[in-house]
Every structure is written in structure tokens, then in C-alpha cells.
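Close look at the chain arrangement
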Amino acid sequence: MLWRVDPTSSTPLHVQVAACVRREMTSGRLEKGDRLPSAKEVAGVLDVNLHTVLRAYQSLRDEALVDLRRGRGAVVTATDPAGDARLRSLVADLVAEARLTGTTPTDLTRLIESEFQK
Amino acid sequence: MTAPAADHVPQRSADRRPTHALVASALIGPILAVAGVLLTYAVRDQLPEPVAVHWGPGGQPDRFASLTEATLTAAVMTSLLPLIFVVLGAAWHPSARGPLAGFAGALAVFLGGLLFGSLVSQRPGEVAQAFPPAWLVPTLVTAAVVGVGLWRWGRFRPPALEATPRSLPADAVRLDVPDTTRVAWTGHAALPDVGVLLIVLVGVTPLVIVAVLGMPWLLLLAVVIVALLVLTGSARVVVDAEGLRVSSLFLTWSRVPLARVAEARTATVSPLREFGGYGWRIGRDGRRGFITRAGEALLVERVGEPPVVVTVDEADEAAAVLNTLVARTNT
């Protein structure tokens with residue numbers, strides 16, 4: 001699975017790590033029963049603190065998306081990030097897209113607001 | 001006209017050690033065969049005629065041959081069987097020579113030790129059996145030392161990287177992310193559970209049956225085989241700022257630093273045709289592969305070395321991540 005975090009972003013790193021997992025879930029690449037890589041491994045490949053990844057995994061557990069068990073690691077229990085979680089994942093994508101097209105946060109906010117007024 | 005001298009040096013002649021190791025491994029069998037024949041000849045008066053050449057599961061000899069015939073068979077098997085791997089090594093890419101030389105050398109020691117060992121152990125006062133205890137451990141240890149030694153001696157040293165930065169082909173798949181984004185990819189390659197179960201049943205059942213019939217130490221062999229299968233049947237695949245890494249537990253099959261990656265792309269793999277089987281393989285062109293199924297695979301072209309192939313799902317994504325990381329080191 002693809003992992004991507006931007007340390008220069010104002011979004012906290014643990015939110016970005018959790019978003020990577022949610023993205024895999026919404027795209028159907030992670031299925032129920034799949035095991036996530038160990039937090040240590042993810043911390044290693046992304047060169048982030050172990051606690052950052054653990055925090056991301058804990059927030060996924062709080063959303064009932066994964067099951068955290070000592071010795072077994074994180075196991076996917078649901079693949080449909082709902083409500084707030086799904087929204088956060090979409091916003092992460094939106095912001096990533098905005099960066100690519102050079103859209104400023106102000107422009108993006110304006111776009112969102114105009115969408116609300118429709 | 002002054003042409004640069006370096007152009008005239010063929011790249012292959014840079015390191016002859018893989019070939020030397022292969023030649024050495026070819027000589028071990030015949031040398032041991034001669035030593036074995038001399039040893040058998042020296043003790044011929046103490047050996048029975050005919051001698052036992054095969055032992056049943058209960059440890060009782062069940063096949064006999066004349067001493068001359070048995071000695072000749074032992075000598076021919078010790079000299080010729082390892083040559084199969086030497087011939088493969090000569091025909092394949094130089095990078096395959098080290099591992100094949102190690103295998104051929106270890107096989108020669110194993111055959112020589114056990115075939116001649118079981119012959120000369122039929123002297124009065126010694127324990128005569130297929131694997132005489134006095135010969136078994138020294139033979140296995142020597143085989144391991146010779147095998148690892150030849151492998152290390154003959155291992156392929158890739159040519160030094162040029163100082164000039166290489167550039168990734170323009171059409172190489174890449175991720176569309178800003179340079180400030182850290183990217184990585186994790187995945188795994190695993191033999192299907194059904195396949196592992198089948199191999200365990202077909203391979204281990206006869207061992208267990210024979211073990212129950214009276215050779216309990218074979219149970220240990222069965223356990224070792226199952227453990228090896230579980231260990232080598234699946235691997236973790238990681239792409240990060242250090243490059244590509246393929247590993248199972250504490251064993252690292254392959255490590256390709258970013259500087260050695262020429263290009264990553266997807267490929268379609270046919271396990272039997274290209275690699276002759278499953279697991280960690282060497283192809284005839286020297287390509288390394290961790291192959292667990294047919295179909296989509298990540299193929300990493302290396303600088304000055306044959307490629308590495310791993311059967312993973314979403315290989316296109318893995319290739320894009322690796323290319324993106326390589327492109328960053330080039331700038």
C-alpha cells in the first residue's frame with residue numbers, strides 16, 4: 001500500500017498517516033481481515049516517530065476501522081470510513097489536489113463556500 | 001588517434017571470481033571420489049563381500065553389491081551429480097555462478113562423505129548404516145562450510161557506479177506528488193495457503209510415515225522443512241528512501257539501494273517458464289525473483305546487474321513510488 005505524508009503541511013502527521021489507511025479502504029484495496037504493516041515498519045519507511053503511527057492506528061481503532069491487539073498488530077475490521085472520517089479523507093485528497101494545481105487555501109475555501117450556497 | 005583505454009576492457013573480465021568458484025566446485029567431486037576410492041582400497045580387507053548399499057526404514061541392510069561395484073557407484077555419483085549445477089552455472093549469467101558453485105560444492109561433499117562413509121563404516125566394530133553417525137555431522141558441517149565459502153567467493157560484485165548521475169527514462173511511471181511529500185510503499189508476496197498446504201502434505205507425509213516406522217529423527221527433518229516453507233513462502237516488500245527491500249522475518253532476499261535502481265516497472269511473470277518454480281529464484285539470465293504466483297509483478301532494473309522481480313499486487317503503484325524516489329536522487 002502507498003504511504004505518503006507531507007511534513008511541511010499544516011495537517012498533523014498522524015492524521016496524514018491515518019488518511020493513507022482510509023484511502024486504501026475506500027479504494028477497496030484493504031479488505032476485512034487484512035493486517036496493516038506494523039507501526040514500527042511504517043514509522044521506518046516514512047521516517048516519522050513511532051508514536052505518530054501508533055496515534056494514527058489508535059484513531060483508526062477509535063473509528064472502529066481496525067482492531068489493535070498486542071502481538072497481532074492492526075487488523076482491518078471495517079472498510080467503510082464513515083462520517084467525519086470519510087470527510088477527513090476527502091479533504092486530505094482535496095488539499096493534495098489543490099497543491100498540485102497551485103490553488104491557495106483561500107481560493108479553496110471560497111470554492112467550498114460557493115458549493116455550499118448552491 | 002587516442003581512444004580511451006577503458007573502452008577496450010570487456011566488462012565481464014573485470015571479476016573472474018564467480019568463474020573460479022565454479023571451476024573449484026567442479027573439482028571437489030572428482031578429488032573426493034579419488035580420496036574415497038583410495039580410502040576404501042586401503043581398508044578393503046576388513047570389508048564384507050558383498051557390501052550393503054542400501055538400508056531399509058528399520059535400519060537393516062536390504063540391498064547388497066560387490067565392493068568394486070559399490071565403490072565405483074559412489075565415485076561416479078560423487079564426481080558427476082554436482083556437475084549438473086556446474087553446467088547450469090556455466091550456461092547462466094555470471095551472477096548465478098556463486099550460488100550454483102556453492103550448491104555443487106556442498107552436494108559433492110555431502111555425497112562423498114555419506115557414500116564412502118557408509119562403505120568404510122562396514123568394517124568390524126563400526127556402526128554400519130545409511131548415515132553412519134561418525135560421518136554424518138562432519139559431512140554436514142563440511143558441506144555447509146564449503147557451500148557458503150564457494151558462494152561468498154563467487155558472489156557477483158556489480159560494477160562501480162559512475163559518478164555522473166543517470167536519468168530515469170521519461171516514460172517511467174511516477175507519482176504526481178510535490179517534492180516535500182515523503183512517499184513509501186509496503187506490500188507482501190505470499191504463496192497461496194492452498195499451495196503451501198499441498199507442498200506440506202506431499203513433501204512431509206512420507207517423512208512422517210517413515211519416522212513413525214522407526215526413524216524418529218526424520219520427524220526433526222519434517223519440522224525443519226515445514227519451518228523453512230513457512231519462512232520462505234512469504235516475504236515483505238518495502239519501497240522507501242533507502243530503495244527496495246524484500247525480506248522474510250530475519251532473512252533479506254534482496255536489497256536494492258536507490259542509486260542502483262535504473263528503472264522500476266510492472267511485468268507479467270510466468271513462474272515455471274522464467275524461473276523454474278516458486279520462492280526465491282535465479283533465472284538463467286541472472287535475474288533474481290521472489291515468485292509466489294503467475295501474473296503481475298514489480299520488476300526493478302538495476303545498474304550493471306540483472307533485474308529483481310517480485311510478485312506483488314498493485315505493482316504499478318510500487319514502481320511509481322520507486323521511480324519517484326529515484327528521480328529525486330537524480331536532481
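Preceding this section is the structure that the text describes.
This text gives an overview of the structure that appears in the document. Here the residue index of a chain counts from 1 through its sequence in written order. Lettering for chains starts from A, numbering for ligands starts from 1, and both go in the order in which the items are written. Local features in this predicted model are restricted to residues whose pLDDT is 70 or higher, and side-chain atom pairs enter the listing and the counts only when it is 80 or higher, whereas totals over whole chains, interfaces and linings include all residues.

1. Details of the overall build of chain A
Comment: elements are numbered from the N terminus, with helices defined as DSSP H or I runs of at least four residues and strands as E runs of at least two. On a plain count of helices and strands, chain A comes out with 5 helices and 3 strands. If you list the helices and strands of chain A from N to C, you get β-α-α-α-β-β-α-α. Projected onto its principal axes, the C-alpha positions of chain A cover 50 × 30 × 20 Å. Across the 118 residues that make up chain A, the buried fraction comes to 30%. Contacts here follow a simple rule: the backbone-placed C-beta atoms of the two residues must lie within 7 Å. Residue pairs at least 24 apart in sequence account for 54% of intrachain contacts in chain A once pairs closer than 6 positions are excluded. To sort residues by exposure, count the other C-beta atoms lying within 10 Å of each residue's C-beta; 20 or more gives buried, 12 or fewer gives exposed, and values between give partly exposed, all with C-beta atoms placed from the backbone.

2. Topic: the packing of helix H4 (residues 97–120) of chain B against helix H5 (residues 133–153) of chain B
All names here are of chain B. Here an axis means a line fitted to C-alpha atoms, over the contact stretch when the element is a helix, while the angle between two N-to-C directions is reported on a 0 to 180 degree scale. It is at 7 Å that the axes of H4 and H5 come closest, and there the two elements cross at 165°. Overall, the two elements H4 and H5 adopt an arrangement that is roughly antiparallel. In this structure, the crossing between H4 and H5 has a hand that is right-handed. Residues Gly98, Pro99, Ala101, Gly102, Phe103, Gly105, Ala106, Val109, Phe110, Gly113, Leu114 and Gly117 of H4 form the contact with H5, whose participating residues are Trp135, Thr139, Thr142, Ala143, Ala144, Val146, Gly147, Val148, Leu150 and Trp151. The class makeup of the residues in the contact of H4 with H5 is 14 nonpolar, 8 polar and no charged. An angle below 35 degrees is read as roughly parallel, one above 145 as roughly antiparallel, one from 65 to 115 as roughly perpendicular, and any other as oblique. With the far helix as reference, a near helix turned anticlockwise by less than a right angle produces a left-handed crossing, and one turned clockwise produces a right-handed crossing. Polarity classes work like this: nonpolar for Ala, Val, Leu, Ile, Met, Phe, Trp, Tyr, Cys and Pro, charged for Asp, Glu, Lys and Arg, and polar for all others, with Gly in that last group.

3. Brief notes about the sheet that holds strand E4 (residues 234–240) of chain B
Two strands pair under a simple rule: DSSP has to find at least two bridges between them. One open sheet accounts for 5 strands, arranged E1(A)-E3(B)-E4(B)-E5(B)-E6(B); its pairing is antiparallel. This sheet does not close on itself; its edge strands, each paired only once, are strand E1 (2–5) of chain A together with strand E6 (251–257) of chain B. Averaged over all neighbouring strand pairs, the angle between strand axes comes to 15°, with direction disregarded. The pairing of E4(B) with strand E5 (residues 243–248) of chain B spans 5 bridges and is classified as antiparallel. Counterpart to Asp240(B) in the pairing with E5(B) is Gly243(B). Sheet contacts for helix H2 (residues 39–46) of chain A: E1 of chain A together with strand E3 (182–190) and E4 of chain B; angle to E3(B), the most-contacted strand, approximately 135°. Across the sheet, helix H9 (residues 315–330) of chain B is in contact with E1 of chain A together with E3, E4 and E5 of chain B; its angle to E3(B) comes to roughly 140°.

4. Concerning the interface of chain B and chain A
Counting from both sides, the interface comprises 17 residues of chain B and, opposite them, 16 residues of chain A. Listed by contribution, the elements that provide at least two residues to the side of chain B that touches chain A are E3, E4 and H9 of chain B. In this structure, E1(A) lies alongside E3(B), joined through 4 bridges in antiparallel fashion. Paired with Val5(A) across the bridge in E3(B) is Arg182(B).

5. Remarks on the pairing of strand E2 (residues 66–69) of chain A
All names here are of chain A. Here E2 pairs with strand E3 (residues 73–76) via 4 bridges, running antiparallel. Note on E3: the bridge partner recorded for Arg69 is Gly73. Counted between consecutive antiparallel strands, the loop separating E2 from E3 contains 3 residues, among which Gly71 sits at a positive phi close to 90°.

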